[in-house]
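Per-entry structural report
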Amino acid sequence: MTLRSPWHSLIVRLVGLSLLLLLIVQAAGFAVVRATIDRNARAQIAQALDLDENVWRRLLEQNADKLRQGSALLAADYGFRSAVNSGDEETIQSVLENHGSRIGAAVTALLGTDLELRAASLSGRMEAFPATLHALVPPLAARPQGSQIAVMDGVPYQFVMVPLRAPVVIGWVLMGFPVNQTLADEMRQLLSVHVALVVKGADGAAKVPVSTLPPGSLALLQSRGVPSGELQTPEGTLLARAIRLDSQGGEVQALLLRSVDEVLAPYRQLQVLLAIITVAGVLLFAVGTGLVAQRLTTPLRSLLAATRRLSRGEYDVPLEHTDRSDEIGNLARSFDHMRVDIAAQQSEVRRLAYWDRLTGLPNRERFREAVVSAIAQTADSVAPRPSLAVLTLDLDRFKHVNDVLGYAFGDRLLQAVAERLRQQVPEPGHMIARLGGNEFAVLLQGADAATAQATALRITHSFEAPLAFADQTVDLSAGIGIACWPRDADDADTLLSRSEIAMYAAKRQLSGAQQYDPSFDSASTQTLSLLTELRHAVEHHELRLYLQPKVPLHGQPGRAAEALVRWQHPQRGLVPPMQFIPFAEQTGFVRQLTLWMLEEVARLLADPRTRGLALRVSVNLSTRDLLDPELSNRLADILLRHGVPASGFCLEITESAIMDDPQRAEAMLNRLSEQGFKLSIDDFGTGYSSLAYLKRLPVDELKIDKSFVMSMQTDQDDAMIVRSTIDLAHNLGLTVVAEGVENAAILESLRTLACDEAQGYHIARPMPVADFLAWEPHSTGAAQAS
């Protein structure tokens, strides 16, 4: 076989990939540096603008102080006060003009005690002064130590006003100076910041009478108005800070602007230098990588030939280049060691194929072979065939342990579980294996179902003692599935599969250990037949809607009942729900049953016979229903089709259904609540939901599990649970329904505890719709009188 040129294979790929990675890293670094410089520059400008704003306000205050001093000097002039007292208008006018001219005031005016203008000296025509005066004087009179900006003829002026006393107030001296270019230039020279005053008159037109901006930037500012924070100008980018000044006669804003480019200028040379260094580095890296790649190709070709010999089984030919001291020599020596040790490694591979390295237990493949062998030996035995059993065990909440405490802790936990299983199954001939993850299996040879059940119970009890490590204690539990040969399966694979099916059933039912039953297996002939019959029952109207009344205990208005399904089988008669509901939940057919029940309840609520009853019917939702993303849309279609309100339904959900996928369940419950459905937590107290999570759910009702209600009269703990649940629900603003009311004493106790509604055989058994409609008018009164 002819080898391809190294220049077109290894060297090109090595150099090309290395250069590409280097360029990516350099470009990313350059971009990060550029972005960081820009971000820091803007932050620096923002801090500078904070200082600029403070200085600008201070300059305005100093200007106001200067005005007040000039005004106070005029007010203290004895001759002026005498002229004001004597009413000498000519002297007053002369003093105002001379004093205003001396201190450079644009406006100098005398106001009477009634704040009306008596005399004024104006620099220019200032036609707007009389109109502005009426809006200007009241705020200045209210705070003589303050100043006020006023716009006259498009120019902002700063005014102050001081009282004229002799010794009582005989008038007011008003002075105003224009906020002009001098103040802006002073800011520019002091802080190197551009200043622009934007004046918007009553007509809405904006002018810029004062500015230190270059002509191009000033023209852009005049055309676009006050920027939102950044102004792109021909001279560069300017960051702006707008300061709104309290003014009369128009809106005045002072813009402080700083150039981003001026701050970035010192960094431009650094960026150019970095670019030069980057280009030089790339060139040097390309040359060096090419030389290294060329040096590698020659010994690699000889090693390639040696590996082909090894692949053909020619282990007696020593490899070349083993005397080199670099990585090529290490590679050659490693290949030579592989040639010598390959037989031992193959043996190790076979061992690893059958044993779990973490726990030292047989793995799934080894366990399967042991089951196959045990069945074959037992089947070939001349003596009566003893049975054997397989226990499959899956740890609860193991993923949570891994997530919280880490995988290293999870490994220690698995090792501890393996050791505990060894202690519980010590007899020779049996086998314990780790099938993978947190799943274990036990093979009991010569064991029947009772022996397997006893072993499973022993394992379950052993897990009741927490596993204690140096710094952590873990409570452990597991679901255990049991399958026996030949009762439950004819071959090893079926036996293992059915043991796992039983295990999953045990985990769903929280029963610890569970013996395999054909009803668990949706693939068995029996369950296939049952699924076909259920579909037939829905299509041929064999299902019946039954209602069990829920009566109010304190005279609340309305009627309530729980909807239940019964199967009127043409051959087997009325089939109890426990014979087909669990199977429907396991196979997913429960969704069709739920939709059938919702349709029937909607049809009942639309029946004219129930229109005046204010009837509310509860319907149970399974886990599969709750996690169906189309559930809310299906319910909306049913309501629309039958013309009934969502308030006629109460949807009951178990705690376990919510906790299977809390986030999806909460999202669906929120959508159902927004549609107007009443929501109830069924069998409350038997699941794992926390009060913190319950508080977030949009539920309206708690339904106390019947196991607590039925034992209220005999078990004080159950009575306390019922009482606490009622108080808790009421504190959360929820109503409470108690199911399992079997006698009048329980009913009376519930009424005393302020339970809202009750349900049970003492009140009424589930009944067909016609019987319910006949019973309903009498039930509430009977229940209340009980």
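Each remark here, short or long, concerns the structure printed above.
In what follows, the accompanying structure is described.

Rules and cut-offs
Residues numbered from 1 in each chain as written. Predicted model: local features only at pLDDT ≥ 70, side-chain atom pairs only at ≥ 80, totals over all residues. Heavy atoms only, no water. Phe/Tyr/Trp six-rings, centres within 6.5 Å; stacked < 30°, edge-to-face > 60°. Buried < 20%, exposed > 50% of the residue type's maximum accessible area, 1.4 Å probe, protein only. Helix = DSSP H or I, 4+ residues; strand = E, 2+ residues; numbered from the N terminus. Lys NZ or Arg CZ within 6 Å of the ring centre and 35° of its normal. Axes fitted to C-alpha atoms, helices over the stretch in contact; angles between N-to-C directions. Parallel < 35°, antiparallel > 145°, perpendicular 65-115°, else oblique. Left-handed = near helix turned anticlockwise from the far one by under 90°. Contact = heavy atoms within 4.5 Å. Nonpolar A, V, L, I, M, F, W, Y, C, P; charged D, E, K, R; others polar. Expected span 1.5 Å × (residues − 1). Arc of directions from axis to C-beta.

Let us now look at the packing of aromatic side chains. Tallied over the entire structure, the rule returns 3 aromatic pairs. Between Tyr157 and Phe159 the ring centres are 6.3 Å apart and the planes differ by 40°, which places this aromatic pair in the tilted class. Judged on exposure class, the residue Tyr157 and its partner Phe159 are both buried. Seen in terms of ring centroids, Phe649 and Phe677 are 5.8 Å apart; in terms of plane orientation they differ by 70°. Their pairing is edge-to-face. With Phe649 in strand β23 (residues 649-654) and Phe677 in the loop between α20 (662-675) and β24 (678-684), this residue pair connects regions lying 28 residues apart in the sequence. Residue Phe649 is classed as buried on the basis of its relative accessible area, which comes to 1%. Here Arg765 stacks its cationic end above the ring of Tyr761, 4.0 Å away from the centre of that ring.

With that out of the way, let us pick up the packing of helix α16 (residues 590-606) against helix α18 (residues 631-642). Remark: α16 packs on α18, axes separated minimally by 10 Å, with the N-to-C direction vectors making an angle of 30°. Between α16 and α18, the interaxial angle falls into the category roughly parallel. Judged by the sense of rotation from one axis to the other, the crossing of α16 with α18 is right-handed. Counted together, Leu595, Leu598, Glu599, Ala602, Arg603 and Ala606 of α16 and Arg634, Leu635, Ile638, Arg641 and His642 of α18 form the full contact between these two elements. Looking at side-chain class alone, the contact of α16 with α18 contains 6 nonpolar, 1 polar and 4 charged residues.

Turning our attention to the side chain of Thr108. Of note, Thr108 is situated in strand β1 (residues 107-111). Using a relative accessible area of 0% as the deciding quantity, one classes Thr108 as buried.

We now examine helix α12 (residues 449-462). For α12, with 14 residues, the first-to-last C-alpha span of 20 Å sits near the 20 Å given by 1.5 Å per residue. When α12 is considered as a whole, its buried residues turn out to be Ala452, Thr455, Ala456, Ile459 and Ser462. Looking straight down α12, one finds its buried side chains confined to an arc of 120°; they lie on one side. Packing partners of the buried residues in α12 comprise β12 (388-395), α11 (407-424), β14 (439-445), β17 (478-485) and β18 (513-515).

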